[in-house]
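Per-entry structural report
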Amino acid sequence: MIEHISFDDPVEIALNSITDVFFVLDAEYKFQYINRSACDFFNTAKTQLMHASFWEVYPFKEAALLSDILIRASLQREKVSQQYYSLSHSRWFNVTAYKWNEGVAVILNLADSEGPVQEEIIQNIKVLSLVLDYIPHIAFMLNEKAEVVYLNKRWTEYTGTAIEEGMGYGWGERIHAADFEKKMLLWDQNVESGKAFKTKFRVLNKKGEYRWHADSLVPLPTKEKKPSLWVGTATDIHDFVLVKRRQQLVEDRLRESLHLATSITTTTPDLIMIYDIPSESIVYLNKSHLSNYSPEELKKMNKEERVELVHLEDRQAALFFHDHFYTATDGEIREIEYRVKKQHLADHDEWMWLNERRMVFQRDEKGSVQQYIAVVQNITDRKEAEIRKTENEVLNKLVEKKEEFISVASHELKTPITTIKASIQILKRLIQNHSDENTLLVFVIKATQQVNKLMSLIGDLLDNTGFKEGKLHLNITTFHFGSLLEEVLHSYSSHRQIQIEGPVDVEIEADEVRLGQVINNLLSNAIKYSPEETSVQVITSVYEGWLKVQVVDKGKGIPPEKLEHLFERFYRVDEKLTDVSGLGLGLYIIAEIIKLHKGKYGVISEVEKGSTFWFEIPLKQN
């Protein structure tokens, strides 16, 4: 570090009498000497400036502009001369910086002319390229001939073309022909006046689609009446134009003295901030219309207060995202969506959705993440549109299910009624013809079977209503499980070979009628959905106070993607199967009965090999 610098009295007097600003910084950019003009320039007393850091004394925006000059001068032996526009003084200065021992000496004096203003500004853009390349808009700069002299990386990401192809007049190749002519007309009308203006136009993206964009063009400060450079951002407003016809939020007109970086960050509707992790504070925040919070309010809040603004359901994810950002690598972009309060002290909570894109901005000497830069975008409209779309999809599915159920129910109810009607008509003729009792009995049995089927369908509908309203209760008794199983199997003796494996001599506490209904439904399904020549297995097992029953068939099996829906109301695996009867309530009723018994249920299935439906319930109901 350079020690405190002093000069002989004549030199000291001379340095303090000149109007030029002169100061010396050490290797850590701390003030080691300043003359009187420098004190006036920084508007700070000499005692406060000495040994203070240049970056602490000078405003962040100003220091960023001079940093490139100071760093270059400290790294090379030759002096560095360049012109610099001071926002604080609204004046152009000639800056000369040169190596001084381990530090750097700096002289500033008023510039007689602007010098290479355009080259200076283009050079300064590089300082903020990190910000510009990661905002979700196309940032650009034009000269007075409407030639593009700068584009950020968003141009390539969006159009799929290299930045070089968009330079000069190349950008016009991606603009819709009908809009390009109007845009150039507006340019001609406004460029002479030097006033900011806005345009809307369509841009061809890398997918070959034209999408509507809006841009805001602002002239940079200049001594001449006619600006030589214009800056702006182009924002995709296609969804707003097509869906809501809502124009982009009006952007604030840039003040004459605002620097290029502030110009571009102000034209974006998004919030851009730089956050310091060790101090848990916001060190930079643009003036964004993203929320009702002013930059001053957000900066004054501590971490806990800012966390309180996040919706409770999103808070844990947001904290995890924040607390684990130290693992981020350079160049890596991390993204999160969450809700925040629209107003801090509102009587009732209103929420808006935000999308935050974050990346490392600065590391400390140990390589740890010290600061990050974040771009926050309001995505409330998109999120609300997604919610409405999901609600509509659910509603449409419910309507489809309703119509589907009505169709199936009509068919299922009509079939037995038609059969009953036909049987009665035949019985009537047979009675009139004095047919024998055996012939009559055939049609009586047939009609009775259809009545039983009709009663079963009606029973399923009543059970569905009962389960839905919570009105069904179990009649728990103690009975012999083997007797129940034998009774159920008796009705299937003429249909198919049913094999029993495992213990059945078990006493169980359950609702005997409902448990019989479960086994009956499972056997009925196994028989319906498997070939006639195959057998059905009923496998039982008892363990640790539980009874498990499995019904195994060798049918077509069920696709994996449909397994999770099997126990839903009205669900049918294949709606196109008209030869398989049922309302789609059987498995739903099974699930509800087993749940009332505090049991478990499930299915294992393999396509073309068959299915195993199982349930297990405790032997004793407490």
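The sections below set out a description of the structure shown in this document. This is a predicted model, so every value here is computed, not measured.

Reading guide: rules and limits
- Residues numbered from 1 in each chain as written.
- Predicted model: local features only at pLDDT ≥ 70, side-chain atom pairs only at ≥ 80, totals over all residues.
- Heavy atoms only, no water.
- Helix = DSSP H or I, 4+ residues; strand = E, 2+ residues; numbered from the N terminus.
- Contact = heavy atoms within 4.5 Å.
- Core = buried A, V, L, I, M, F, W, Y, C linked by side-chain atoms within 4.5 Å.
- Buried < 20%, exposed > 50% of the residue type's maximum accessible area, 1.4 Å probe, protein only.
- Phe/Tyr/Trp six-rings, centres within 6.5 Å; stacked < 30°, edge-to-face > 60°.
- Salt bridge = Lys/Arg side-chain N within 4 Å of Asp/Glu carboxyl O.

Before going further, it helps to spend a moment on the environment of isoleucine 594. Here isoleucine 594 shows up in helix H21 (residues 586–596). Residues isoleucine 594 and leucine 515, 79 residues apart in the sequence, show an inter-C-alpha distance of 8.2 Å. Leave out the neighbours within four places in its chain, and isoleucine 594 touches Val518, Gly599, Lys600, Tyr601, Phe615, Glu616 and Ile617.

What follows covers the nonpolar core. The biggest cluster of nonpolar side chains holds 40 residues, and the ones touching the most others in it are Phe481, Ile508, Leu515, Leu523 and Phe615. Only helix H18 (481–490), strand S18 (507–510), helix H19 (512–528), strand S19 (536–543), strand S20 (546–553), H21 and strand S22 (610–618) provide two or more residues apiece to this core. Counting residues in each nonpolar core, the second largest holds 26 residues, with Phe31, Phe42, Ala73 and Ala97 among its members.

Moving on, we come to the packing of aromatic side chains. Each pair of aromatic rings is reported with the distance of its centres and the angle of its planes. This structure, assessed with the given rule, holds 17 aromatic pairs. Centroid distance phenylalanine 22 to tyrosine 33: 5.9 Å. Interplanar angle 55°. Geometry classified as tilted. Separated by eleven residues along the polypeptide, phenylalanine 22 in strand S1 (residues 21–25) and tyrosine 33 in strand S2 (residues 31–34) bring together distant segments of the chain. Each member of the pair, phenylalanine 22 together with tyrosine 33, is buried. Judged by centre distance (5.5 Å) and plane angle (90°), the rings of phenylalanine 41 and phenylalanine 93 are edge-to-face. Taken together, the residues phenylalanine 41 in helix H2 (residues 36–42) and phenylalanine 93 in strand S4 (residues 91–100) connect sequence positions 52 residues apart. Owing to a relative accessible area of 8%, phenylalanine 41 belongs among the buried residues under this scheme.

In the structure shown here, the tally under the stated rule is 21 salt bridges. Between aspartate 239 and arginine 211 there is a salt bridge, and its shortest N-O distance comes to 3.3 Å. Taken together, the residues aspartate 239 in helix H11 (residues 238–244) and arginine 211 in strand S9 (residues 210–219) connect sequence positions 28 residues apart. For aspartate 239, a relative accessible area of 49% puts it in the partly exposed group. On the basis of relative accessibility, which here comes to 18%, the residue arginine 211 falls in the buried class. In this structure, glutamate 616 and lysine 600 form a salt bridge, with 3.8 Å as the shortest nitrogen-oxygen distance. With a gap of 16 residues between them, glutamate 616 in strand S22 and lysine 600 in strand S21 (residues 600–606) connect regions that are remote in the sequence. Overall, glutamate 616 belongs to the buried group, its relative accessible area being 5%. Among the charged side chains, a network of salt bridges with common partners joins Glu337, Arg382, Lys383 and Glu386.

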